[in-house]
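These are the residues of each chain, in order.
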Amino acid sequence: MAGKGKLFEPLKEYSASHNIGNVLFLGFIPDSDLPDLYSCSDYFIITSKYEGGEPVLTIAEAMASGLPCIASPIPNFKIIESSKSGICVDFSDSKKKL
């Protein structure tokens, strides 16, 4: 998990308290290192409820790297489904089947 948003520490604590392994909490990644990170990833997941700009830079970078994207169903992420580059998921509904 890369980035330093407000959920970084709570997710790190949740992972530790629930014995969830196989998660690397990388924190902030400099822009110059992002291509290497994207190239060794299987998916790009973004759960934001709001993002400014269009296209959102991180989405554009992930798509340019060929990563399938899994994102929140907010207007700024509509490019993901319209370009068939991934899916948008309502992360607030954990019982909903895809």
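Look up a bit, the structure's there.
What counts, and where the lines are drawn
- Residues numbered from 1 in each chain as written.
- Predicted model: local features only at pLDDT ≥ 70, side-chain atom pairs only at ≥ 80, totals over all residues.
- Heavy atoms only, no water.
- Core = buried A, V, L, I, M, F, W, Y, C linked by side-chain atoms within 4.5 Å.
- Buried < 20%, exposed > 50% of the residue type's maximum accessible area, 1.4 Å probe, protein only.
- Helix = DSSP H or I, 4+ residues; strand = E, 2+ residues; numbered from the N terminus.
- Contact = heavy atoms within 4.5 Å.
- Salt bridge = Lys/Arg side-chain N within 4 Å of Asp/Glu carboxyl O.
- Phe/Tyr/Trp six-rings, centres within 6.5 Å; stacked < 30°, edge-to-face > 60°.
- Pairing = 2+ DSSP bridges.
- Axes fitted to C-alpha atoms, helices over the stretch in contact; angles between N-to-C directions.

> Please clarify how the nonpolar core should be interpreted in this entry.
Within soluble globular proteins, side chains that are nonpolar generally end up buried alongside one another. Counting 16 residues, the largest nonpolar core has Tyr38, Phe44, Ile46, Ile59, Ala62, Phe77 and Ile80 as its most contacted members. At the level of secondary structure, the elements contributing two or more residues to this core comprise α2 (34-39), β1 (44-46), α3 (57-64) and β2 (69-71). Counting residues per element, this core draws most heavily on α2, which supplies three residues. Look past the residues within four positions of Ile59 in its chain and what remains in contact with it is Phe44, Ile46, Phe77, Ile79 and Ile80.

> Help me out: how do you make sense of unusual backbone geometry in this one?
Working note: non-glycine residues mostly have negative phi, and peptide bonds are mostly trans. Of note, the phi angle at Asn22 is positive, near 60°, even though the residue is not glycine. Among the structural elements, Asn22 can be located in the loop between α1 (8-17) and α2. Even without being a glycine, Lys84 presents a positive backbone phi close to 60°. Among the secondary structure elements, Lys84 is positioned in the loop between α4 (78-82) and β3 (86-88).

> What is the right way to look at the pattern of salt bridges in this model?
In total, this model carries one salt bridge according to the counting rule given. The partner of Lys4 in a salt bridge is Glu9, and the shortest N-O contact between them spans 3.5 Å. By relative accessible area, Lys4 is classed as exposed at 54%.

> How do you make sense of the packing of aromatic side chains when you look at a structure like this?
Working definition: an aromatic ring pair is given by the centre-to-centre distance plus the angle between the planes. This model, assessed by the stated rule, comprises two aromatic pairs. Geometrically, the ring pair formed by Tyr38 and Phe44 is edge-to-face, given 6.0 Å between the ring centres and 70° between the ring planes. Overall, Phe44 belongs to the buried group, its relative accessible area being 12%.

> Sorry, what's going on with the sheet that holds β2 here?
The strands that make up a sheet are held in pairs by hydrogen bonds between backbone atoms, and each pair lies either parallel or antiparallel. With parallel pairing, the three strands of this open sheet are ordered in space as β1-β2-β3. A strand with exactly one partner marks an edge of an open sheet, and here the two such strands are β1 and β3. Strand-to-strand twist of the sheet, defined as the mean angle between neighbouring strand axes without regard to direction, takes the value 5°. Packed on one face of the sheet, α3 meets β1 and β2 and runs near 165° to β1.

Such coordinate-based values are descriptive only and should not be taken to indicate function.
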